[in-house]
Number of protein chains: 2
Amino acid sequence: MTRFSFQIATTDGAARSGMISMARGEIRTPAFMPVGTAATVKAMKPDDVRASGADILLCNTYHLMLRPGAERVARVGGLHDFMGWERPILTDSGGYQVMSLSDLTKVTEEGVTFASHLDGSRHLLTPERSIEVQNLLGSDIMMAFDQLLPATATAQQQREAMERSMRWAARSKGAFNGHGAIFGIQQGGLDETLRGESAQALIDIGFDGYAIGGLAVGEGQEEMCRVLDFAVEMLPADRPRYLMGVGKPEDLVEAVLRGVDMFDCVLPTRSGRTGQAFTADGPINIRNARFAEDREPLEPGCPCPTCTHFERTYVHHLVRSGEILGAMLMTEHNLWFYQRLMQTMRDAISQQQLFAFAKGFLERYRKSSP
Amino acid sequence: MTRFSFQIATTDGAARSGMISMARGEIRTPAFMPVGTAATVKAMKPDDVRASGADILLCNTYHLMLRPGAERVARVGGLHDFMGWERPILTDSGGYQVMSLSDLTKVTEEGVTFASHLDGSRHLLTPERSIEVQNLLGSDIMMAFDQLLPATATAQQQREAMERSMRWAARSKGAFNGHGAIFGIQQGGLDETLRGESAQALIDIGFDGYAIGGLAVGEGQEEMCRVLDFAVEMLPADRPRYLMGVGKPEDLVEAVLRGVDMFDCVLPTRSGRTGQAFTADGPINIRNARFAEDREPLEPGCPCPTCTHFERTYVHHLVRSGEILGAMLMTEHNLWFYQRLMQTMRDAISQQQLFAFAKGFLERYRKSSP
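Starting from 1, residues in each chain are numbered consecutively following that chain's sequence as written. Think of it this way: whatever chain is written first is A, whatever ligand is written first is 1, and the rest follow in order. Per-residue local features of the predicted model are confined to residues with pLDDT of at least 70, and side-chain atom pairs are confined, for both listing and counting, to 80 or more; whole-chain, interface and lining totals are unaffected and use all residues. Water and hydrogen atoms were dropped before computing side-chain values, which therefore reflect all heavy atoms in the structure.

1. Quick notes on the packing of helix α6 (residues 127–137) of chain A against helix α7 (residues 155–175) of chain A
Residues and elements named next belong to chain A.
- Two numbers describe how α6 lies on α7: the axes approach to 8 Å, and their chain directions differ by 40°. Here α6 lies oblique to α7, going by the angle between them. Remark: the crossing between α6 and α7 carries right-handed chirality. The segment α6 lies against α7, with Pro127, Glu128 and Ile131 engaging Trp168, Arg171, Ser172 and Ala175.
- Polarity classes work like this: nonpolar for Ala, Val, Leu, Ile, Met, Phe, Trp, Tyr, Cys and Pro, charged for Asp, Glu, Lys and Arg, and polar for all others, with Gly in that last group. When its residues are assigned to classes, the contact of α6 with α7 shows four nonpolar, one polar and two charged. Axes here refer to lines fitted to C-alpha atoms; in helices the fit is confined to the stretch in contact. Angles between the N-to-C directions go from 0 to 180 degrees. A run of H or I in DSSP becomes a helix once it reaches four residues, and a run of E becomes a strand once it reaches two; helices and strands are each numbered from the N terminus. Should an angle fall under 35 degrees it is taken as roughly parallel, and over 145 as roughly antiparallel, whereas 65 to 115 is taken as roughly perpendicular and any remaining angle as oblique. Whether a crossing is left-handed or right-handed is set by the direction in which the near helix is turned from the far one by less than a right angle, anticlockwise for left-handed and clockwise for right-handed. In what follows, a contact means two residues having at least one pair of non-hydrogen atoms within 4.5 Å.

Shown next, in the form of structure tokens:
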């Protein structure tokens, strides 16, 4: 079995459709990875996540190293056995959560010292420890450890963090033992020069795939697209390109048009738990009183289990009442919406119709959006 | 199709196994009804509730009349369509929740005035309104409206409440329009004379089935069994006997031995959400540290989806982390445990082996109980 290979089947402008092949299964690209933060895609059974069309999950190194702990997961057989998901799992490096969730973080050349958001205990995360944790979990695709900056960072801070992240990328690759695959992460904020230097540094190290980090952190879609316009093509065309933490359905479409192959985002699951359902006519808030006696499914025509079996009036009642089943049904619909969107884009690329699809999708989606 | 019929197939001592036949399906007895308080068995999809072996659900009139409202449920097609459960539904009368959940209740001969626990709005529930609400919901088995007493009630209060409940039972029957079935509820606390008078009053009115109310309200299992020893046989042998709000697995066994045919209880679902899993060796609390790296299923040998796919170490992690999937997996196991217990008792009755089964079950179950 191939350790890791990426075949592009069709291109359509900058967009590509293809397949990543790994020991635990194939990943159709462009791919959306549901987020299984603490070894569970919230409110979903793993078999139902698979049925939505997901080929791969993302799990969070930061959360799992704190609870239940990477060594414990390793002792009970690794993350796949633990959570009942046999297919590939990508783990992030922990760098993002350390900076966004922890208190008292201190960045040195060695790594990041932080206090757990759960119990305040002190931990040190280094490139070497991040890869070790990802190995203990049994990750299929590991991410190099990098440094996240707040949106307020100066140009000088951006350069320093990018350069440190590239030194950490080299140490991450050095700690990688050849099981599974490892991706590097391009940094450099919104700056073309920094993005170019970062891409070249990663290429010099050599990775199985290349991620774009530091976007979708509040810069807005227009600015994100402007950066993608130069950042994506800096990364090797024959390797998967992964836009981290993105995003809204319209972001996925814009990024696929620009040649991105992989995505992850908590939006479909988190939104599902707060009452937002995605539809081709834009998102709806099922808590809205206009759905109180609405006997349509969440999205008319949707083949997902929620839309096949239940009406808006019922989901409205469940979500308003705080019932767990409301979160379950909303999440399942949203994951199906995201996976159907990816399948439609893969098909459109195969038929050289992506631009026409994207135009029609975005017009319809935005017309009704709040 | 029969409106309502009850056939006893086998008896074993006082115990009976049989079948209730109704337009929406058959109910194997002795039957356990999962509780779908607000039109959802919490944390379960209806198809998965059915797969656990449930032939019938109980839904709460009090909760549904307040949210989403009985008239609304009727306008959107009734409770079965609303919640996606095609089989029979039994609705309680609301009497129990009015007294246990509401504030500012005032009991008169007409009915009970109360303030909603949701928004403080004032409502009047009478026998006629209770039956109307149950009709609007589309209930298959309706319960007569009765008066609940606190455990501190005096003998005189018990007599007055029982006698009022019997007048309300007659009014409930009078309001019943012949769609579905209606059960009366025996009251009288722990007193044999009152229980006898109550049973006779209900028989004089005439019901499709007879429930035993006012037990499992804190009197303890020994006292409950003492009352069942005389209360059950006061009820017609050719009609289903339903022990309301019961109970623990050992209560079900003791009551089936004494001739009870139907049960409902929130215990398997509520316990599931708080970390208690039922097993043949007694309940376990999955949060306990001894399960942190335990690779057995919740109950070794259990054929439920949770035990087939997941290990204690994972469920322990989910429940400790407050993950929704923890509630889902625990609830599903507990519902399977309850339904498997009922199936085992039905089989044991058919084979005239109930007493031997009960002895073995109770010995094993209690040996390890906390």
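2. A few points about the nonpolar core
- Ranked by size, the top nonpolar core spans 97 residues in total, and within it Leu79, Met83 and Tyr314 of chain A together with Leu79, Met83 and Tyr314 of chain B carry the most contacts.
- If one sorts the elements of this core by residue count, helix α14 (residues 324–350) of chain A sits on top with eight residues.
- Here Tyr314 of chain B is in contact with Ala39, Thr40, Phe82 and Met83 of chain A together with Leu325 and Leu329 of chain B, once residues within four sequence places are set aside. Here, nonpolar core means buried Ala, Val, Leu, Ile, Met, Phe, Trp, Tyr and Cys residues that are tied together by side-chain atoms lying within 4.5 Å of each other. When accessible area is computed with a 1.4 Å probe and restricted to protein chains, residues below 20% of their type maximum are described as buried, those above 50% as exposed, and intermediate ones as partly exposed.

3. What to know about the environment of Met224 of chain A
Residue and element names in this part refer to chain A.
- With respect to the element layout, Met224 can be found in helix α9 (residues 221–231).
- Residues Met224 and Gly189 lie 35 residues apart in sequence; the distance between their C-alpha atoms is 9.9 Å.
- Here Met224 is in contact with Leu215, Ala216, Glu219, Val246 and Asp251, once residues within four sequence places are set aside.

4. So, the side chain of Gln186 of chain B
- By secondary structure assignment, the location of Gln186 of chain B is in strand β11 (residues 181–186).
- Excluding its chain neighbours within four sequence positions, the residues that come into contact with Gln186 of chain B are Arg195, Ser198, Ala199, Leu202, Ala211, Ile212, Gly213, Ala231, Met234 and Leu235 of chain B.

5. Side note on α9 of chain A
- Among the residues of α9 of chain A, those classed as buried are Met224, Cys225, Val227, Leu228, Phe230 and Ala231 of chain A.
- Here the buried face of α9 of chain A lies against β11 (181–186), α8 (192–205), β12 (209–212), β13 (241–243) and α10 (249–257) of chain A.

6. Digging into unusual backbone geometry
- Note that the residue after Arg67 of chain A, namely Pro68 of chain A, is joined by a cis bond; omega there is 5°.
- Considering the arrangement of structural elements, one finds Pro68 of chain A in the loop between α2 (61–66) and α3 (70–75).
- Of note in this structure, Gln352 of chain B is not a glycine but carries a positive phi near 55°.
- With respect to the element layout, Gln352 of chain B can be found in the loop between α14 (324–350) and α15 (354–367).

7. Quick look at the sheet that holds strand β3 (residues 25–29) of chain A
Residues and elements named next belong to chain A.
- Taken in spatial order, the three strands make up an open sheet running β1-β2-β3, and their pairing is antiparallel. Here the strands that pair on one side only, and so sit at the sheet edges, are β1 (4–12) and β3. Sheet twist, expressed as the mean angle between neighbouring strand axes with direction ignored, is 15°.
- Of the pairings in the sheet, the one linking strand β2 (residues 15–22) to β3 comprises five bridges and is antiparallel in character. Following the sheet pairing, Gly18 is matched in β3 by Thr29. When DSSP locates at least two bridges between a pair of strands, those strands are taken to pair.

8. Notes on the interface of chain B and chain A
- Each partner contributes residues to the interface: chain B has 41 residues there, and chain A has 41 residues.
- Buried surface at the junction of chain B and chain A, both sides included, amounts to about 3,400 Å², of which 56% is carbon and sulfur.
- Basic side-chain nitrogens of Lys or Arg form a salt bridge, by our definition, when they fall within 4 Å of a carboxyl oxygen of Asp or Glu. For the pair chain B and chain A, the number of links is 10 salt bridges.
- Here Glu332 of chain B and Lys45 of chain A are joined by a salt bridge, their closest N and O atoms 2.4 Å apart.
- Pairs of N or O atoms are called polar contacts if they sit within 3.5 Å, as long as, within protein, a hydrogen donor faces a hydrogen acceptor (for residues adjacent in sequence, only side-chain-to-side-chain pairs). Counting the contacts that link chain B with chain A gives 18 residue pairs in polar contact (both at pLDDT 80 or more).
- Put simply, the parts of the chain that give the side of chain B that touches chain A at least two residues each are α1 (46–51), α3 (70–75), α4 (79–83), α12 (305–309), α13 (312–320) and α14 of chain B.
- Grouping the amino acids of the side of chain B that touches chain A by side-chain chemistry returns 19 nonpolar, seven polar and 15 charged. Buried area is a sum: the accessible area each of two parts loses on coming together, probed at 1.4 Å, counted once for each and added.

9. Focus on the relation of the copies chain B and chain A
- Here the copies are matched by least squares. The fit uses the C-alpha atoms of residues with pLDDT of at least 70 in both. After a rotation of 180° and a shift along the axis of 0.0 Å, chain B superposes on chain A with an RMSD of 0.0 Å. What the superposition gives is, in effect, a two-fold axis relating one chain to the other. The position closest to the rotation axis in chain B is occupied by the C-alpha of Ile324 of chain B, lying 3.6 Å away.
- A symmetric contact is evident, with 100% of the interface residues of chain B recurring at the interface of chain A.

10. Here's the deal with α14 of chain A
- Expected helix span is computed as 1.5 Å times (number of residues minus one). An ideal rise of 1.5 Å per residue puts 39 Å on 27 residues; α14 of chain A measures up with 39 Å between its terminal C-alpha atoms.
- Downstream of α14 of chain A by one or two residues, Gln352 of chain A has phi in the positive range, about 55°.

11. What about the packing of aromatic side chains?
Residues and elements named next belong to chain A.
- Working definition: a ring pair exists when centres of Phe, Tyr or Trp rings (six-membered ring for Trp) sit within 6.5 Å. Plane angles under 30 degrees give stacked, over 60 give edge-to-face, the rest tilted. Per the stated rule, a full pass over the model turns up 24 aromatic pairs over all chains.
- With centroids separated by 4.7 Å and ring planes inclined at 50°, the aromatic side chains of Phe32 and Tyr338 adopt a geometry described as tilted. Here the residue Phe32 occupies a position in strand β4 (residues 31–33), and Tyr338 occupies one in helix α14, the gap between them amounting to 306 residues.
- Through a chain of ring-to-ring contacts, the aromatic side chains of Phe32, Phe278, Phe337 and Tyr338 assemble into a single cluster.

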